[in-house]
Amino acid sequence: MSSTPLLELENVSTHYVSQRGTRVVRAVDDVSLRIDAGETVGIVGESGSGKSTLALTILRLLPPAGRIVHGGMRLEGEDLLAKSDVEMRHVRGKRIAMILQDPMASLNPLFTVGDQVAEPIRVHEGVARKVAWQRARDLLKSVRIPSPETRVTQYPHEMSGGMRQRIVGAIGMSCGPRLLIADEPTTSLDLTIQAQYLNLLRELQRAHGLALIFITHNLGIVAKMCDQLVVMYAGRVVESGPVSRIFNAPMHPYTQALINSIPRMNGSQERLTAIDGQPPDLSALPAGCSFGPRCPRVIERCHVEAPPTFAPEDGRAVRCWHLAPHAEGARAAQPIGAA
Amino acid sequence: MVVLEAAALTKHFNAKRTAFGGSRGVVRAVDNISFAIEPGKTLGVVGESGCGKTTTANLVLGLEAPTGGAIRFEGRDLTALDAAGRRHYRKSVQAVFQDPYASLSPRMRVSEIIAEPLITNEVVAKDELRRRVLEVLDLVGLPARAADLFPHEFSGGQRQRIAIARALMLSPKLVVLDEPVSALDVSIRAQILNLLRDLQARLGLSYLFIAHDLAAVAHMSHTIMVMYLGKIVESGDARTLAMAPKHPYTQALFSAALPSHPDERRDEIILSGEVPSPLNPPDGCRFHPRCPHATARCGAEEPLLAPVEGRQVACHLFDADARRAA
Ligand SMILES: Nc1ncnc2c1ncn2[C@@H]1O[C@H](COP(=O)(O)OP(=O)(O)OP(=O)(O)O)[C@@H](O)[C@H]1O
Ligand SMILES: Nc1ncnc2c1ncn2[C@@H]1O[C@H](COP(=O)(O)OP(=O)(O)O)[C@@H](O)[C@H]1O
Ligand code: SF4
Ligand code: SF4
Ligand SMILES: [Mg+2]
Ligand SMILES: [Mg+2]
């Protein structure tokens, strides 16, 4: 905890407010997290749990309805919320890159791949066109695009999904970012193509000392790729910590249920542990703990008061009353976060 | 007796000329495959996009006519059925698809959606119909009041329950499940997989289960068949195949499956290249351009499915074994 983290979020809340201001969606609620250089963090949660909003918050790319209503964000110690739009554009181009689920959403169908990879290099580095194009070819080669010399002259629709996603990766990498945020980058890919792509991301990460945020609904990706895990439920981080410790001993009832609900390859489970019910509407959250209505370990207090975040052990944060220091069977834990 | 049997089943499509003036040709979507589905059992089908899973499902459902081979239901060839036989077949084989949003008509009440297959196939009294609707709703774990609501009033998982209820209305023998949980949230998938297993145990249903999630297929299936470019490359007992795949493609596919625990370290086989098009597939073994073990023979001669250690594998590497076993 000594050196300056690469990225630090402190009690960040982002809401979507309807035009008349009558409906408030608490898409990100009181989220704190820390990422060190070169680290891989997986953010897991079901659809609508606020993962993409969190990514857009970090990049300050929220749609007009979205507002960061509370909290602080620092990139290498610099206050991201104090930056002007121009400064943020520089941050997005050079220091933080993003890969989206659908590569077509990040590619312009009207421009060649070469244009789209070379252009950001030319703009951000102010190099000559020829230099930028050579760099583009090198980048395509580095993301394993076969025959990059001819590929640079082609359009996105002339390529497969896996190839497009690698090109988006190449664009993201083109300005040597410190942090890459990948939002469900492989859900549209087939298994063997996904394996190729995840491998490539890992190699790029090692080669460039890149930190990676993996946003996914798939715990398998986290198990394979990540050092740290952040579990989101209904806009909040309910558990975070080192991946292996969470998989071996999940502490939050939601994380426990989630891990037990995944089928295993060896077919050892007779029944999967299902989680009853469904996630809540973020504009009409239940009182107290948002997981309360589905929680197998719910106690009276949960319906009255939302639990704060406790730190039961080094590097772990859990938002559940069972981790409170005075709770029965709880380990010595101190609430952290909200001052 | 097997419920359904496919023998040398084939479906070729005539490809339209592509936008770039590419040559005409034949898409070999499903090419000479044979399998059997037993009563009360699940046959899982895995393979990457375009390998022919949905086409196989459509053939089984009678939504497409095969261009070669045959399907036998309860021992009778589908093409030889009379009108009554075809009606019996249509009732006995039902389907649940991936997208519970697209598959349910938004303007119909749940009771109408569920009752529809029965109304179109049989003459039933109104109160008997209502009784059946409530019975299947109960089977899939939905409350009776769900009958009078519209699909948009339900979550994805509940809609998939409605789709399952509809499929059960005609008391089928076989249900084709094409990616039934991939559109659902992680916390909901286990609910639906558990429900499908419970229904199988209670009603003795057979399933043809198609999914991209290999662990889910391993969990649900008794037998698994692995497809690549319209062919079966390996099939056999689900647990054996999932834990120790033999065919080089199956090995690569299962090694690419995501682990369920970070300590679960597999030897990763990273294949080069992409799945070729089933339009003019490679000669010989269709997997040979990507296969790490390919020899000259693989590019020339097509390997046939043959028994290898209690399963069927189509690969020249096992020719010696296969001959010994024969
Ligand atoms: N009506 C059709 N006309 C021409 N080609 C078709 C037709 N239907 C399917 N195909 C082709 O047949 C092949 C197999 O298709 P199919 O839909 O069965 O694959 P799949 O395994 O279900 O793929 P996915 O997992 O993406 O759904 C594909 O190459 C597909 O493009
Ligand atoms: N532009 C928007 N306007 C209003 N609500 C939104 C908007 N975008 C997302 N939301 C809501 O915010 C919540 C979180 O969304 P999102 O961050 O996209 O979730 P995830 O990526 O985890 O699926 C959801 O309830 C979603 O409906
Ligand atoms: S605080 Fe209560 S309801 Fe929430 S997760 Fe913990 S036990 Fe369950
Ligand atoms: S037949 Fe040859 S190319 Fe095909 S899977 Fe076996 S070794 Fe590989
Ligand atoms: Mg999202
Ligand atoms: Mg399909």
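Summarised in this report is the structure supplied together with it. Only a predicted model underlies this, so the values are computations on that prediction, with no experimental measurement involved.

## Focus on the nonpolar core
Residue and element names in this part refer to chain A. Counting residues in each nonpolar core, the largest one holds 71 residues, and the members touching the most others are Leu 140, Ile 167, Leu 180, Phe 214, Leu 229, Phe 247 and Tyr 254. In terms of residue count, helix α8 (residues 191–208) provides more of this core than any other element does, six residues in total. Aside from chain neighbours lying at most four places away, what touches Ile 167 is Leu 107, Val 113, Val 117, Leu 140, Ile 145 and Met 159.

## Section: the sheet that holds strand β6 (residues 93–96) of chain B
Residue and element names in this part refer to chain B. Taken in spatial order, the eight strands make up an open sheet running β6-β7-β8-β3-β9-β10-β12-β11, and their pairing is mixed. Each edge of the open sheet carries a strand with a single partner, namely β6 and β11 (306–308). Sheet twist, expressed as the mean angle between neighbouring strand axes with direction ignored, is 25°. The pairing of β11 with strand β12 (residues 311–313) spans three bridges and is classified as antiparallel. Across the sheet, residue Ala 306 finds its bridge partner in β12, namely Val 313. Along the sheet face, helix α2 (residues 83–92) touches β6 and β7 (174–178) and points at about 35° away from the line of β6. Contacts from helix α9 (residues 248–256) reach β3 (42–46), β9 (223–228) and β10 (231–237), with the element oriented near 105° to β9.

## Side note on the site of ligand 1
Residues and elements named next belong to chain B. Around ligand 1, the structure places 13 residues, and the nearest of them are Gly 50, Lys 53, Thr 54, Thr 55 and Pro 278. For ligand 1, an oxygen atom lies 2.7 Å from a polar atom in the side chain of Thr 55. Here His 212 contributes a side-chain N or O atom positioned 3.5 Å from an oxygen atom of ligand 1. In the complex, the protein chains occlude 62% of the 630 Å² of accessible area that ligand 1 would expose alone. At three residues, the largest contribution of residues to the shell around ligand 1 is made by helix α1 (residues 53–60). In terms of residue class, the shell around ligand 1 is built from five nonpolar, six polar and two charged.

Conventions used here
- Residues numbered from 1 in each chain as written.
- Chains lettered and ligands numbered in written order.
- Predicted model: local features only at pLDDT ≥ 70, side-chain atom pairs only at ≥ 80, totals over all residues.
- Heavy atoms only, no water.
- Core = buried A, V, L, I, M, F, W, Y, C linked by side-chain atoms within 4.5 Å.
- Buried < 20%, exposed > 50% of the residue type's maximum accessible area, 1.4 Å probe, protein only.
- Helix = DSSP H or I, 4+ residues; strand = E, 2+ residues; numbered from the N terminus.
- Contact = heavy atoms within 4.5 Å.
- Pairing = 2+ DSSP bridges.
- Axes fitted to C-alpha atoms, helices over the stretch in contact; angles between N-to-C directions.
- Near = heavy atom within 4 Å.
- Polar contact = N/O pair within 3.5 Å; in protein donor to acceptor, adjacent residues only side chain to side chain.
- Areas by Shrake-Rupley, 256 points an atom, 1.4 Å probe, with all protein chains shown as cover.
- Nonpolar A, V, L, I, M, F, W, Y, C, P; charged D, E, K, R; others polar.

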